[in-house]
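Residue-level structural notes
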Amino acid sequence: MEKLNSTLGAVRSLRSSVRQCFEQLADGTNAELAEDSRTKFLLKFQENFNNMNAQLREVESLINGLQAPQTPYCLGQTTYLAQETAPERQALYSQLVNSYKWIDKVHDHSFLAFNNLNQNNLRRSYVYCSQKRVRIPFTSCNNFDPDHTDKLLSEINLPLTSYQVCRPFGSNVVVIVTISRVLKAAIVCKGVLIEWVTVKGFDETLDPDDLWAESRYEVFRKVQEHTHIAMLHFFSPTLPDLAIKSYMTWLHSYSKLFLEACKRCGKFVSNGLPPTWRDLRTLEPFHEECRNC
Ligand SMILES: [Zn+2]
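Residues numbered from 1 in each chain as written. Predicted model: local features only at pLDDT ≥ 70, side-chain atom pairs only at ≥ 80, totals over all residues. Heavy atoms only, no water.

What about the nonpolar core?
Residues Leu183, Ile187, Ile194, Val197, Tyr247, Trp250 and Leu251 are the most contacted members of the largest nonpolar core, which totals 35 residues. Counting residues per element, the ones that place at least two in this core are α4 (146-155), β2 (172-179), β3 (183-190), β4 (193-201), α5 (218-233) and α6 (240-252). When sequence neighbours within four positions are dropped, the list of residues in contact with Tyr247 reads Ile187, Ile194, Val197, Thr227, Ala230, Met231 and Phe234. If you look at the next biggest cluster of nonpolar residues, it comprises nine residues, including Cys166, Phe169, Leu206 and Leu211. (Core = buried A, V, L, I, M, F, W, Y, C linked by side-chain atoms within 4.5 Å. Buried < 20%, exposed > 50% of the residue type's maximum accessible area, 1.4 Å probe, protein only. Helix = DSSP H or I, 4+ residues; strand = E, 2+ residues; numbered from the N terminus. Contact = heavy atoms within 4.5 Å.)

Regarding the sheet that holds strand β1 (residues 161-169)
Spatial strand order, β1-β2-β3-β4: four strands in an open sheet with antiparallel pairing. Bordering the open sheet on either side are β1 and β4, each of which pairs with just one other strand. Geometrically, the sheet is characterised by an average inter-axis angle of 20° between neighbouring strands, direction not taken into account. Judged from the eight bridges that link them, β3 and β4 form a sheet pairing that is antiparallel. Considered in β4, the bridge of Ala186 is made with Thr198. Contacting β3 and β4, α5 runs over the sheet at an angle of about 165° to β4. Of the strands in this sheet, β1, β2, β3 and β4 touch α6, which is tilted by about 170° from β3. (Pairing = 2+ DSSP bridges. Axes fitted to C-alpha atoms, helices over the stretch in contact; angles between N-to-C directions.)

Quick word on the pattern of salt bridges
Applying the stated criterion across every chain, the model contains eight salt bridges. In this structure, Glu155 engages Lys151 in a salt bridge whose closest nitrogen and oxygen atoms are separated by 3.2 Å. Residue Glu155 and its partner Lys151 are located together in helix α4, separated by four residues, close to a single helical turn. Residue class for Glu155 comes out partly exposed when judged on its relative accessible area of 40%. Residue Asp203 pairs with Arg216 through a salt bridge whose shortest N-O separation is 3.5 Å. In this pair, Asp203 sits in the loop between β4 and α5 while Arg216 sits in the loop between β4 and α5, placing the two residues 13 residues apart along the sequence. (Salt bridge = Lys/Arg side-chain N within 4 Å of Asp/Glu carboxyl O.)

Comments concerning the side chain of Lys200
Structurally, Lys200 can be placed in strand β4. Put simply, Lys200 is tucked away with no salt bridge, and the nearest opposite charge, on Glu204, sits 5.1 Å away. A polar contact is formed between the side chain of Lys200 and the backbone oxygen of Thr205, at a distance of 3.4 Å. What Lys200 contacts, discounting residues up to four positions off in sequence, is Leu183, Lys184, Thr205, Leu206, Ala213, Glu214, Ser215 and Phe220. (Lys, Arg positive; Asp, Glu negative; His and termini not counted. Polar contact = N/O pair within 3.5 Å; in protein donor to acceptor, adjacent residues only side chain to side chain.)

Some points on the packing of aromatic side chains
Under the counting rule described, the total for this entry stands at eight aromatic pairs. Each ring, one from Trp250 and one from Tyr254, has its centre 5.3 Å from the other, and the planes form 80°; the classification is edge-to-face. Taking the relative accessible area as the measure of exposure, Trp250 reaches 0% and is therefore buried. The class of Tyr254 is buried, set by a relative accessible area of 0%. Ring pairing ties together the aromatic residues Phe234, Tyr247, Trp250, Tyr254 and Trp277, which thus form one cluster. Taking the ring centre of Trp277 as reference, the NZ or CZ of Arg291 above it sits at 4.2 Å. (Phe/Tyr/Trp six-rings, centres within 6.5 Å; stacked < 30°, edge-to-face > 60°. Lys NZ or Arg CZ within 6 Å of the ring centre and 35° of its normal.)

A short note on empty space enclosed by the protein
All chains considered together, the criterion is met by three cavities of 30 Å³ or more. Within this model, the largest cavity holds a volume of roughly 80 Å³. Counting only elements with at least two residues in the lining of the largest cavity, the list comes to β4, α5 and α6. Here the element with the most residues in the lining of the largest cavity is α6; it accounts for four residues. (1 Å grid on protein atoms, 1.4 Å probe; cavity = no way out; pocket = protein on both sides within 12 Å on 5 of 7 lines; lining within 4 Å. Points joined across faces, edges and corners; volume = space filled by probe spheres on them.)

Details of the coordination of the zinc ion
When four donors bind a metal tetrahedrally, each ideal donor-metal-donor angle is 109.5 degrees, and when six bind octahedrally, the ideal angles are 90 or 180 degrees. Those donors, Cys262 (SG), Cys265 (SG), His287 (ND1) and Cys290 (SG), are the protein atoms that reach the zinc ion, and they lie 2.2 to 2.3 Å from it. Taken together, the four donor atoms coordinating the zinc ion and their angles of 94 to 121° define a geometry best described as tetrahedral. Taken in sequence order, the residues that donate to the zinc ion follow the motif C-x2-C-x21-H-x2-C. Separated by 28 residues along the polypeptide, Cys262 in the loop between α6 and β5 (277-278) and Cys290 in the segment after β6 (285-286) bring together distant segments of the chain. The class for Cys290 is buried, based on a relative accessible area of 8%. (Donors = N, O, S within 2.8 Å, 3.2 Å for Na, K, Ca; no water. Tetrahedral: all angles 85-135°; square planar, octahedral: opposite > 155°, others 65-115°.)

Describing the pairing of β4
Of all the nine residues making up β4, eight are buried; the element is thus mostly covered by neighbouring parts of the structure. Between the end of β3 and the start of β4, which pair antiparallel, lie two residues, with Gly191 showing a positive phi angle near 65°.

Structural notes on the pairing of β3
Judged by how many residues are buried, β3 sits mostly within the fold: eight of eight residues are covered. Side chains Leu183, Ala185, Ile187 and Cys189 of β3 all project onto a buried face; the interleaved residues Lys184, Ala186, Val188 and Lys190 project onto the opposite face, where all are buried too. Remark: three residues form the turn of the hairpin made by β2 and β3, two consecutive strands paired antiparallel; Ser180 in that turn has positive phi of roughly 50°.

Here you go:
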């Protein structure tokens, strides 16, 4: 505001100088006067003119130093609120303008946050799902070659295991693995990174469109928990092919789920369940409660 006042003052003095200068010029000088007086007149005019130029430059520099006023918010018909006569309502319009400004800032910040979060390539929860809703992923984020995934799966040859590849989520692969006559597992991949695993019994239906329905058998619900632990253990964005091969080998060790005794307690059944855990390195069977003993 101080800058604006000084600029207006400079404009006023410029106008005064211009008027003075041209008034003097309009008055002119008497041609009959001596040469000396005419020279004085010219010198006076020159001085006034120079002053005028100096003040004009000053005004220009002051104007350049001023900040551009903010664009007024046009809130349509609500601008009439500013003309409200009732004292308690006079502040409504300014509050409304502040709310709009605040919403604009929220919008800008959320846009920046959205862009930053999208750059996080290591995000695992790519296929986000809950019991209530299923969000289809952005296919544009998938940089993987689908043929590579197919080729990789064809290279994994494990006995008594079959693979069925489907793509219900666009380019993302869901691999239905059937291990012997024991269990079925649906492995949801983003490229070749495993995002989710669903395990069900051999006699249960495994619908690729509903991968979040749990098995009705406790043993397979427990195995599914363990497959998620292994999924995190074998996760390797730098060596994804090796990670998926290691994971498949580990998963294949469930082919003898009901045939092997626990390596710790030697029992086939404990708490009503067979050994549902497989060691991540040795693939040996353990009951859940025996694995950390
Ligand atoms: Zn045991």
